[in-house]
Number of protein chains: 2
Amino acid sequence: MQITRAGEYGVLGLMHLARGHPGQRAMIDQVSRQERIPKSFLAKIFQSLAKAGLVRSIRGSGGGFALVKDPADISVLEIIEAVEGRIVFQRCKLAQPDCEHVGGCALCGLFERAQDGIKGALTQTSLRDLIRQQERINSTLAEKRGRG
Amino acid sequence: MQITRAGEYGVLGLMHLARGHPGQRAMIDQVSRQERIPKSFLAKIFQSLAKAGLVRSIRGSGGGFALVKDPADISVLEIIEAVEGRIVFQRCKLAQPDCEHVGGCALCGLFERAQDGIKGALTQTSLRDLIRQQERINSTLAEKRGRG
DNA sequence: GTCAATTCGGACTAATTTTGTCCGATACAA
DNA sequence: TTGTATCGGACAAAATTAGTCCGAATTGAC
């Protein structure tokens, strides 16, 4: 299981939610249009996010989804794993039947270390961090355009 | 593009080659049987490794494949990328058409950092390291069995 | 109470990628 | 010349990813 569009869309969707004031709700339709994500697909993804307790769903007219936690307290890894399940690298498959696949062979061990590498980056970055970075990028971009 | 069985098999195949004396050749058939990798699939993988210059192919009877470089000078990343092509995380797809996908948006940037995390681990480990680790694992395993 | 808006949840389909297989061509040794 | 190997690309099967669809449930407004 790897990082796929589903996970990516999940992060983009939550970024959208988190940009509003705390507790603000947004409809799938809105988010889907603004972030250019297929509506039904996004709906499914938000269901996973709801199950994981990252967002709360409000049904009926005037309903939508709302963030449950503070964006500073949500790591990108959390979001991605909520959508995709545990992200795991290629399980190795050595000749020996001894390799129970948890540090049983050298290749397994290496993959685990590699995994920790990516998880580190994704855990350290919170949803809020991501949004701030984006804002910074946007403003420097706007500045460039203004000058150009 | 991600790390798949093909890459894993490539590493296992080269580990097999590297365990012999320097320059030793091995046939696909051999490697395939001993490492329990489907023969035709392994053949295709070794073709990629040959193209990348990691192994040399000798055709005809008595032929096979032989390592070109010293196992200490081959990183696991090299092997995997030889087989799978550049490993790249989910390219992000922000709403703005500005996102040229090279550090153009925050999510891209994050994915790049995560990528560097795994590449670090895979670059630092050489084929020789891997084999040594495996030997260590095997011997402690044998010891356990002897006592048990 | 009815209607319209909205999520829920799961079945379904399409597209893509992964994981192979197969076979004729080519190269080499004996 | 014959037997053994790789070469290289076309082909096929399986798995995964990406996305659609639809009926049901829930809620707010009139």
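**A closer look at the protein's contact with DNA strand D**
Item 1. The local shell around DNA strand D holds 21 residues, among which Thr4 and Lys44 of chain A together with Met27, Gln47 and Ser57 of chain B are the closest.
Item 2. Of all DNA strand D atoms lying within 4 Å of any protein atom, the proportion belonging to sugar or phosphate reaches 66%.
Item 3. Ser61 of chain B places a main-chain nitrogen or oxygen 3.0 Å from a base oxygen of DNA strand D.
Item 4. Every element with two or more residues in the surface near DNA strand D is listed here: helix H1 (5–19) and helix H3 (39–51) of chain A together with strand E2 (55–58) and strand E3 (64–67) of chain B.
Item 5. Considering only residue class, the surface near DNA strand D consists of eight nonpolar, nine polar and four charged.

**A short note on the protein's contact with DNA strand C**
Item 1. Close to DNA strand C lie 21 residues; Met27, Gln47 and Ser57 of chain A together with Thr4 and Arg59 of chain B are nearest.
Item 2. For DNA strand C, the backbone portion of the atoms within 4 Å of the protein, that is sugar and phosphate, comes to 70%.
Item 3. Within the side chain of Ser57 of chain A, a nitrogen or oxygen atom sits 2.3 Å from a phosphate oxygen of DNA strand C.
Item 4. Ser61 of chain A places a main-chain nitrogen or oxygen 3.4 Å from a base nitrogen of DNA strand C.
Item 5. Looking at the surface near DNA strand C, the elements with two or more residues in it are strand E2 (55–58) and strand E3 (64–67) of chain A together with helix H1 (5–19) and helix H3 (39–51) of chain B.

**Side note on the sheet that holds strand E1 (residues 25–26) of chain A**
Residues and elements named next belong to chain A.
Item 1. Taking strand neighbours across the sheet as the criterion, the three strands line up as E1-E3-E2 in an open arrangement whose pairing is antiparallel. The open sheet has two edge strands, E1 and E2, and neither has a second partner.
Item 2. When E1 meets E3, the two strands line up antiparallel, connected through two bridges. Among the inter-strand pairings, Ala26 is bridged to a residue of E3, identified as Phe65.
Item 3. Across the sheet, H1 touches E1, E2 and E3, and the angle it forms with E3 is around 80°.

**Considering the packing of H1 of chain A against H3 of chain A**
Residue and element names in this part refer to chain A.
Item 1. Where H1 contacts H3, the axes come no closer than 10 Å and their chain directions differ by 80°. It follows that H1 is roughly perpendicular to H3 by the angle criterion. For the pair H1 and H3, the contacting residues are Ala6, Tyr9, Gly10, Gly13, Leu14 and Leu17 in the first and Phe41, Leu42, Ile45, Phe46 and Leu49 in the second.
Item 2. Residue composition of the contact of H1 with H3, grouped by class: nine nonpolar, two polar and no charged.

**Considerations on the packing of H1 of chain B against helix H4 (residues 76–84) of chain B**
Residue and element names in this part refer to chain B.
Item 1. It is at 8 Å that the axes of H1 and H4 come closest, and there the two elements cross at 130°. What the angle tells us is that H1 and H4 run oblique. The way H1 lies across H4 gives a crossing that is right-handed. Residue-level contacts link Ala6, Gly7, Gly10, Val11 and Leu14 of H1 to Val76, Ile79, Ile80, Val83 and Glu84 of H4.
Item 2. When its residues are assigned to classes, the contact of H1 with H4 shows seven nonpolar, two polar and one charged.

**Details of the layout of surface pockets**
Residues and elements named next belong to chain B.
Item 1. The calculated volume of the largest pocket comes to roughly 220 Å³.
Item 2. Ala18, Gly20, Pro22, Leu67 and Pro71 are the residues nearest the centre of the largest pocket, which is lined by 16 residues in total.
Item 3. Elements that contribute at least two residues to the lining of the largest pocket include exactly H1 and helix H6 (127–147).
Item 4. Along the lines of polarity and charge, the residues of the lining of the largest pocket split into seven nonpolar, four polar and five charged.

**Topic: the nonpolar core**
Item 1. Grouped together as the largest cluster of nonpolar side chains are 85 residues, with contacts concentrated most on Leu14 of chain A together with Leu14 and Leu49 of chain B.
Item 2. Leave out the neighbours within four places in its chain, and Leu49 of chain B touches Gly10, Leu14, Leu54, Val55, Ile79, Ala82 and Val83 of chain B.

**Some details on the packing of aromatic side chains**
Residue and element names in this part refer to chain A.
Item 1. Tallied over the entire structure, the rule returns four aromatic pairs over all chains.
Item 2. Ring centres of Tyr9 and Phe41 lie 5.7 Å apart, and the angle between their planes is 85°; on these two criteria the pair is classed as edge-to-face. Here Phe41 lies in helix H3 and Tyr9 lies in helix H1, a separation of 32 residues in the sequence.
Item 3. Residue classification places Phe41 among the partly exposed residues on the basis of a relative accessible area of 32%.

Conventions we followed
Residues numbered from 1 in each chain as written. Chains lettered and ligands numbered in written order. Predicted model: local features only at pLDDT ≥ 70, side-chain atom pairs only at ≥ 80, totals over all residues. Heavy atoms only, no water. Near = heavy atom within 4 Å. Polar contact = N/O pair within 3.5 Å; in protein donor to acceptor, adjacent residues only side chain to side chain. Helix = DSSP H or I, 4+ residues; strand = E, 2+ residues; numbered from the N terminus. Nonpolar A, V, L, I, M, F, W, Y, C, P; charged D, E, K, R; others polar. Pairing = 2+ DSSP bridges. Contact = heavy atoms within 4.5 Å. Axes fitted to C-alpha atoms, helices over the stretch in contact; angles between N-to-C directions. Parallel < 35°, antiparallel > 145°, perpendicular 65-115°, else oblique. Left-handed = near helix turned anticlockwise from the far one by under 90°. 1 Å grid on protein atoms, 1.4 Å probe; cavity = no way out; pocket = protein on both sides within 12 Å on 5 of 7 lines; lining within 4 Å. Points joined across faces, edges and corners; volume = space filled by probe spheres on them. Core = buried A, V, L, I, M, F, W, Y, C linked by side-chain atoms within 4.5 Å. Buried < 20%, exposed > 50% of the residue type's maximum accessible area, 1.4 Å probe, protein only. Phe/Tyr/Trp six-rings, centres within 6.5 Å; stacked < 30°, edge-to-face > 60°.

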